[in-house]
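Each chain is listed here by its residues.
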Amino acid sequence: MLITTDNARQYPEATVGGKARGLQRLQAAGLRVPDFAVIPAEEFDGALAGAHHPAELHARLAQWPLPAALQTQVRAALQRWNFPAEPVVVRSSVADEDGRHDAFAGLMDSFLNLTSEDAVLAAVARCAASAYSERALAYRRQKGLSLRARPAVIIQRQVTPAASGVMFTTFPEYPQELAVHAVRGFGEGLVSGQLPPDEFYLLKATGQAHRRVLGGQDEQLVARPAGGLTAQVVGPGPAAPCLSEAQLTALFGLGQRLEAELGGPQDVEFVVDAAGALWVVQARPITQPIPEVVVYDNSNIQESYCGVTTPLTFSFARRAYATVYRQTMHALGLPPAQIAAQEPVVTNLLGLVQGRIYYHINNWYRGLQLLPAFRQNKDDMERMMGLEEPVDFVQTREKSLRDKLRLAPRLLLNLSRLLLAFARLDGAVRTFQARFAAHYQRFYARPLQALSPAELLAEKARLDAELLGQWSTPIVNDFYVMMTNGRALRQLRQVGAPEPEELLRRYLAADQDLASTQPTRRLLALAALARPQEPLRQLIVDFSDDLPAQVQARFPAFAAEVAAFIEQFGDRTVGELKLETATMRTRPLIFYQYLRNYLVPGAAPAAFGTADQTVQHGAQADIDALLRGRLPWRRRQLRQRLQQLQRAIAHREALRLERTRLFGMYRGLYLALGEQLTAAGELATARDVFYLTEAEIEAAARRLSESAAAATRIQPVRAAAAEETAETASLRVLVAERQQEFARYAQQHVPSRVTVPAPPAAAPAADEAADPGLLRGTGCYPGQLSGEVIVVTSPEDSLAVAGKIVCALRTDPGWAALFPVCRGVIIEKGSSLSHSVILLRELGIPTIINVPGLTRRLQSGQRVRMDGRSGEIELL
């Protein structure tokens, strides 16, 4: 019996086949689908009975005659469709065709532009037989499917096409795009690869055209009067796209709708008729895996990990972030099962992109989904991370009312725990700092160089458990800064501030006694102590590699002051969170490199507390004006919020100094382990340890411990000794390979945002600036000045910044020693709430951040004019 469009839904998929079921769903969704009828699979069962060999099955189906009654039904349907004046097509619909995992794309035969009844009946038989073609059977074998196919066949009205095409509602090569490929005339020229299509790629987030490639089609397939298709030359003239903007817009809407209604990305075949109407002739799931679009953004993490780092730093940083995030989840009271389920997220909060550390943005967003008010927290986090472009494809799942009611108690409990932690922060910070100070003093009382590998590993385990594993107070305070900053901005917006972020920046320029300023204050004091002692000042200015030893010999009292400074602040330096960075503690000459800037002739270091008070007073006056006439509770609420934010930022800076010291302790441990591995012949130098991961270092250290234990036994184990020799050689080879790899990375430019899969190349971008002599960024502290530029991109660069305008890719707390003697600071990437910018405001130094390509476009020695208010930099 012939199954028609009207009753196809009444039959199981095994009867009508996968393609027919898909057409029925499209019609049920109200889409324009050409009428069709199905010859069910049962009509071909007789041909399959008793036959087993594929060749025999193919031959039987190719000759199988339809029963007379069924032929009569087919004839009646054709008459209803105005056949043969309006031709038909015949298409396969095998039971497992067009499935979620198995598409059978193009494997069975289709027949177009059929204009006679005999041609239709012959096409039905050949179409059914194609289920047993060599290519169809090979596909089944490859996919592990049954070789016993049950074909059904579709007869469908043909739409005479002006254009035909295929749409992937999600493009597997770049899932942020919807892809449309189309040709003039029949689509057979497209799917067969015979004709070059016009390609259109639309951004799924907006529907805007992202890129297009016109195929330059010089011929098309058209209907031949006697049946079948023939090639026809496309008329002369300039090649225009075969689809209009309106048609692309309609296809985008269709793609969005189909994904929502059919439950995932779809492979859609469509036809545009002569009147411009859009017809859907097929939709099936895309069976090709759709990769997750992962966004890596270095934003303000490059303040801490500027440029290329090393395997040890990355493995340690990734573990540290995961450890802290787990503590946060415990602090929120999440159930153990839920915390365990987040393990793939917390262990991948960071990524390594060509040797540089980036945030794995997707996973940071997923972590926020554990808190209520995802969208609000997402905005706050993006602001604190300095993200220039939000990532919109990670969204919280829209919950039903029932889901919201079910989850409400747990979310409220999580929120209440977080708010309670916020309320206790002042006391928690004091307790944390006291505990940290005790561990800090104990650690440096131990002679690391005298410890055995086993003792060093035990010391590391103690740091892991008692400091890094008890880091919840700093992370709770970071949450508090993020959320309080967001609330302050929203409240400023509510009272009518036209530029709330700019107003808040000016307000936060207040002279605060931040912990991050303490090293610089002490350095200024040491410079003041050295300046009147001319022999000492000249010795430091002349600068030599043995300067620390000379100062110790000739000026022991001053050397003692330096030693006390290094004991307290020796880990604070440029690039301080990169374990491979040489610090004042590991290389005291760096201290004198900083101090020299304060003592060279003509140096005039900026003094703390000299920030332009008119900026703060102006911000406060602007806030007062906004609050004038407001209800008392509104005024009180905003002022309290601003005070809370200032206090939280002060806590953050103090806790970041402790973080710097913690990293310094781990640096010392790993360098000591590097010395042990070098002495054992496993490494060439102690600093090679930075090219190993934490796990590799621990495994090597355990080998040393086991070897030492084995050496005390009476009988040596020769096989073990040979094995250790091979492991030692392989470790050296591994280090050498990584050193070469990371050296190559240092020569490569990597953008601040990396998307995987990478966005396909779009149209050539405009030049970085219409005027090559003008750069623009975001002004953070006002002031206009002209001067010489010094570009600093790594700790190895010249740090002679006195009287110059510093241009940096990123900054971190270690830069504090350089800021007071420079005239201005320009940063390629930064956040207005970063500790560096806070310090620059504190010092009243004109500052500009977020200047694209800054360190590539400027060179040390050039002269520029900078405007810290407008963010403009002019080359002179």
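Residues numbered from 1 in each chain as written. Predicted model: local features only at pLDDT ≥ 70, side-chain atom pairs only at ≥ 80, totals over all residues. Heavy atoms only, no water.

**Description of the overall build of the protein**
Consideration 1: On a plain count of helices and strands, the protein comes out with 30 helices and 25 strands.
Consideration 2: Nonlocal contacts in the protein, meaning residues at least 24 apart in sequence, comprise 71% of its contacts between residues at least 6 apart. (Helix = DSSP H or I, 4+ residues; strand = E, 2+ residues; numbered from the N terminus. Contact = heavy atoms within 4.5 Å.)

**What to know about the pattern of salt bridges**
Should their charged atoms come close, side chains of opposite charge can pair.
Consideration 1: Summed over the entire model, instances satisfying the criterion amount to 38 salt bridges.
Consideration 2: Among the ionic pairs, Glu 343 bridges to Arg 326, the shortest N-O distance being 2.6 Å. In this pair, Glu 343 sits in helix 12 (residues 343-346) while Arg 326 sits in helix 10 (residues 311-331), placing the two residues 17 residues apart along the sequence.
Consideration 3: On the basis of relative accessibility, which here comes to 27%, the residue Glu 343 falls in the partly exposed class.
Consideration 4: With relative accessibility at 26%, the residue Arg 326 sits in the partly exposed group.
Consideration 5: Across the pair Glu 534 and Arg 537 runs a salt bridge, and its minimum N-O distance is 3.0 Å. Of the two residues, Glu 534 and Arg 537 are both situated in helix 21 (residues 534-542); the distance of 3 residues between them amounts to about one turn of the helix. (Salt bridge = Lys/Arg side-chain N within 4 Å of Asp/Glu carboxyl O. Buried < 20%, exposed > 50% of the residue type's maximum accessible area, 1.4 Å probe, protein only.)

**Re the packing of aromatic side chains**
Both the distance between ring centres and the angle between the ring planes are used here to describe each pair of aromatic rings.
Consideration 1: Throughout the structure, instances matching the rule amount to 18 aromatic pairs.
Consideration 2: Between Phe 436 and Trp 471, the ring centres sit 6.3 Å apart and the planes meet at 70°, which makes this aromatic pair edge-to-face. Placement of the pair is Phe 436 in helix 16 (residues 425-444) and Trp 471 in the loop between helix 17 (453-466) and helix 18 (472-494), with a sequence separation of 35 residues. Just as Phe 436 is buried, Trp 471 falls in that class too.
Consideration 3: With a centroid separation of 5.3 Å and an interplanar angle of 75°, the aromatic rings of Phe 742 and Tyr 745 are classed as edge-to-face. You can see Phe 742 and its partner Tyr 745 sitting in helix 28 (residues 718-746), 3 residues apart, about one turn around the helix.
Consideration 4: Of the aromatic side chains, those joined through ring pairs into one cluster are Phe 432, Phe 436, Tyr 440, Phe 443, Tyr 444 and Trp 471.
Consideration 5: Here the guanidinium or amino end of Arg 32 rests over the ring plane of Trp 279, the centre of that ring lying 5.7 Å away. (Phe/Tyr/Trp six-rings, centres within 6.5 Å; stacked < 30°, edge-to-face > 60°. Lys NZ or Arg CZ within 6 Å of the ring centre and 35° of its normal.)

**Quick notes on the side chain of Ser 315**
Consideration 1: Examined against the element boundaries, Ser 315 turns out to sit in helix 10.
Consideration 2: A polar side-chain atom of Ser 315 sits 3.0 Å from the main-chain carbonyl oxygen of Leu 312. (Polar contact = N/O pair within 3.5 Å; in protein donor to acceptor, adjacent residues only side chain to side chain.)

**Here we look at the nonpolar core**
Consideration 1: With 95 residues, the main nonpolar core has Phe 422, Ile 623, Leu 662 and Met 665 as its most contacted residues.
Consideration 2: Setting aside its immediate chain neighbours within four residues, Ile 623 contacts Leu 492, Leu 503, Tyr 507, Leu 638 and Leu 642.
Consideration 3: In terms of nonpolar packing, the next biggest core, distinct from the first, is built from 49 residues, Leu 536, Val 541, Met 584 and Ala 808 among them. (Core = buried A, V, L, I, M, F, W, Y, C linked by side-chain atoms within 4.5 Å.)

**A word on the pairing of strand 22 (residues 824-827)**
Consideration 1: Going residue by residue along strand 22, you find Gly 824 and Ile 826 tucked away on one face and Val 825 and Ile 827 tucked away on the opposite face as well.
Consideration 2: As judged from the 4 bridges shared by strand 21 (residues 805-808) and strand 22, these two strands associate in the parallel manner. By the bridge assignment for strand 22, Val 806 is matched with Val 825.
Consideration 3: Two strands pair when backbone bridges link them, and strand 22 and strand 23 (residues 847-849) are joined in this way by 2 bridges, in the parallel orientation. By the bridge assignment for strand 23, Val 825 is matched with Thr 847. (Pairing = 2+ DSSP bridges.)

**Re the sheet that holds strand 2 (residues 36-39)**
Pairing between the strands of a sheet is mediated by backbone hydrogen bonds and can be parallel or antiparallel.
Consideration 1: As summarised here, the arrangement of the 5 strands in space is 1-2-5-3-4, forming an open sheet in which the pairing is antiparallel. Each of the sheet's edge strands pairs with one partner strand only, and the pair in question is strand 1 (3-4) and strand 4 (111-114).
Consideration 2: Bridge analysis of strand 2 against strand 5 (residues 153-157) gives 4 bridges, and the strand direction is antiparallel. Following the sheet pairing, Phe 36 is matched in strand 5 by Gln 156.

**Quick word on the environment of Met 584**
Consideration 1: Its place among the elements puts Met 584 in the loop between helix 23 (556-569) and helix 24 (589-599).
Consideration 2: It is 9.9 Å that separates the C-alpha atoms of Met 584 and Ala 563, two residues lying 21 residues apart in sequence.
Consideration 3: Dropping the residues within four chain positions of it, Met 584 is found in contact with Phe 565, Ile 566, Phe 569, Gly 570, Arg 572, Ile 590, Phe 591 and Tyr 594.

**Digging into the sheet that holds strand 17 (residues 753-756)**
Consideration 1: Pairing within the open sheet is antiparallel, and its 4 strands lie in the order 15-16-14-17. The open sheet has two edge strands, strand 15 (350-353) and strand 17, and neither has a second partner. The average undirected angle you get between the axes of adjacent strands in this sheet is 35°.
Consideration 2: Direction of pairing for strand 15 relative to strand 16 (residues 356-360): antiparallel, over a ladder of 4 bridges. Within the sheet, the bridge partner assigned to Leu 352 lies in strand 16 and is Ile 357. (Axes fitted to C-alpha atoms, helices over the stretch in contact; angles between N-to-C directions.)

**Description of the environment of Gln 593**
Consideration 1: By secondary structure assignment, the location of Gln 593 is in helix 24.
Consideration 2: We classify Gln 593 as partly exposed; its relative accessible area is 26%.
Consideration 3: Between the alpha carbons of Gln 593 and Ser 798 there is a distance of 9.6 Å; along the sequence they are 205 residues apart.
Consideration 4: Every residue in contact with Gln 593, bar those within four places of it in the chain, is listed here: Phe 543 and Leu 799.

**A short note on helix 16**
Consideration 1: Taking 1.5 Å per residue as the helical rise, helix 16 with its 20 residues ought to reach 28 Å, and the 28 Å between its terminal C-alpha atoms agrees with that figure.
Consideration 2: Turning to helix 16, its buried residues number three or more, namely Leu 425, Val 429, Phe 432, Phe 436, His 439, Tyr 440, Arg 442 and Phe 443. Down the axis of helix 16, the sector holding all buried residues measures 165°, keeping them to one side. In helix 16, the exposed positions angled more than 90 degrees off the buried face are occupied by Arg 430, Thr 431, Ala 434 and Gln 441. (Expected span 1.5 Å × (residues − 1). Arc of directions from axis to C-beta.)

**A closer look at the side chain of Lys 204**
Consideration 1: Examined against the element boundaries, Lys 204 turns out to sit in the loop between strand 8 (198-203) and strand 9 (209-213).
Consideration 2: Among the polar contacts listed, one links the side chain of Lys 204 to the side chain of Thr 170, at a separation of 2.5 Å.
Consideration 3: Excluding residues that lie within four positions of it along the chain, Lys 204 makes contacts with Thr 169, Thr 170, Pro 175, Gln 176, Glu 177, Leu 178, Phe 252, Gln 256 and Glu 259.

**Focus: unusual backbone geometry**
Consideration 1: The omega torsion across Phe 83 and Pro 84 is 10°, close enough to zero to call that bond cis.
Consideration 2: Within the secondary structure layout, Pro 84 lies in the loop between helix 5 (68-80) and strand 3 (88-92).
Consideration 3: With an omega dihedral of 0°, the bond running from Val 756 to Pro 757 counts as a cis peptide bond.
Consideration 4: Within the secondary structure, Pro 757 is located in the loop between strand 17 and strand 18 (774-776).
Consideration 5: Despite not being glycine, Phe 543 shows a phi value in the positive range, around 55°.
Consideration 6: Mapped onto the elements, Phe 543 comes out in the loop between helix 21 and helix 22 (547-554).
Consideration 7: Of note, the phi angle at Asn 850 is positive, near 55°, even though the residue is not glycine.
Consideration 8: Structurally, Asn 850 is set in the loop between strand 23 and helix 30 (854-857).

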